[in-house]
Amino acid sequence: TFHTQPLYGSPTTPLPVRMRISSSGYVTKPQQPAFGVHSGSAFFTHGSDTGTINVTTLSTVLFDKTSSYDTGTNIYTAPVTGLYFMSFMFDYKCTSGYLNVRLAKAVGNGSFALYGKMKSGPPQQSSTYSNAQAIIGIMELDKGDRVRPQVEVNYSGNQLVNCHWSGYLLG
């Protein structure tokens, strides 16, 4: 049974809305964990560093329903256990070597590692910006698990730009 208000009388202290079903049948859940961030006009470059490097330019928050995204570390921490839909989109320039972009998961305070096959390996040796690369999928996260975008590179000079990362709890 769903109730849109108390059965008898009205509450003395209003409770936050957990779920709303409109008269047209639309269901909204204002407290549902969801976030969206982007890099603004910042370019992510790794200089001469190689190996696995954290993407550090996602500091513009569009929304963060549960304050679970840290702009200082570019890490999303799951506020509740569940399945999360994740989408990471970016433009890139890969002037030499390879550039693999991935969403990495850390269980609690553990180390970050590739989750499943949530990665994209854009074509190599492009000197102009190419777009329309994306990593899209569902991640199983426990409360406190962390997620961050990372790149794997073996030569200098590669860049990411126009990065957009979003996610939300499916259930």
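Structure: above.
Residues numbered from 1 in each chain as written. Predicted model: local features only at pLDDT ≥ 70, side-chain atom pairs only at ≥ 80, totals over all residues. Heavy atoms only, no water.

1. What about the overall build of the protein chain?
Stated formally: A run of H or I in DSSP becomes a helix once it reaches four residues, and a run of E becomes a strand once it reaches two; helices and strands are each numbered from the N terminus. Categorising residues by exposure relies on relative accessible area from a 1.4 Å probe, with only protein chains included: less than 20% of the type maximum marks a residue as buried, more than 50% marks it as exposed, and the intermediate range marks it as partly exposed. Whether two residues are in contact is decided by their heavy atoms, any of which lying within 4.5 Å being enough. Values of accessible area rely on a 1.4 Å probe in the Shrake-Rupley scheme; residue burial ignores everything except the protein chains shown.
A tally of helices and strands in the protein chain yields 0 helices and 14 strands. In sequence order, the protein chain lays out its α and β elements as β-β-β-β-β-β-β-β-β-β-β-β-β-β. The buried share among the 171 residues of the protein chain stands at 39%. Here the contacts in the protein chain between residues at least 6 apart in sequence split such that 74% fall between residues at least 24 apart. A total of about 9,600 Å² of accessible surface is found on the protein chain, and carbon and sulfur atoms cover 52% of it.

2. Examining the environment of M19
By the secondary structure assignment, M19 is in the segment before β1 (20-21). Classification of M19 by relative accessible area gives partly exposed; the value is 36%. Between the C-alpha atoms of M19 and P30, which are 11 residues apart in sequence, the distance is 6.8 Å.

3. Examining the environment of V55
Counting through the fold element by element, V55 comes out in the loop between β5 (51-54) and β6 (60-64). Judged by its relative accessible area of 0%, V55 falls in the buried class. Non-local contacts of V55, meaning those with residues more than four positions away in its chain, are made with F44, N74, P149, Q150, V151 and L160.

4. Things to note about the environment of R146
We apply this condition: The definition of a polar contact used here is a pair of N or O atoms within 3.5 Å, where within protein one atom must be able to donate a hydrogen and the other to accept one, and adjacent residues in sequence count solely through side-chain atom pairs.
Within the secondary structure layout, R146 lies in strand β13 (residues 146-153). Given the relative accessible area of 16%, R146 is considered buried. The residues contacting R146, other than those within four sequence positions of it, are I75, Y76, T77, A104, K105, A106, G108, N109, G110 and F112. In terms of polar contacts, R146 uses its side chain to reach the backbone carbonyl oxygen of G108, at 2.8 Å. Polar side-chain contacts of R146 include one of 2.7 Å to the backbone oxygen of G110.

5. Observations concerning the side chain of Q150
Here Q150 is to be found in strand β13. Among the polar contacts listed, one links the side chain of Q150 to the side chain of N54, at a separation of 2.8 Å. Engagement of the side chain of Q150 in a polar contact is seen with the side chain of R102, the distance being 2.7 Å. For Q150, the contacting residues outside a window of four places in its chain are T52, I53, N54, V55, N100, V101, R102, A104 and F112.

6. A closer look at the pairing of strand β10 (residues 99-106)
On any regular strand, side chains alternate: one points to one face of the sheet, the next to the other face. Keep this limit in mind: Should DSSP find at least two bridges between two strands, the strands are taken to pair.
Of all 8 residues in β10, 8 are buried, a share of seventy percent or more. Neither face of β10 is left uncovered, since the one carrying L99, V101, L103 and K105 and the one carrying N100, R102, A104 and A106 both have all their residues buried. Bridge count between β10 and β13: 8 bridges; the pairing is antiparallel. Note that in β13 the partner of L103 across the bridge is P149. Pairing between β10 and strand β11 (residues 113-120): 4 bridges, direction antiparallel. Paired with V101 across the strands is S120, a residue of β11.

Just geometry here; none of it tells us what the structure is for.
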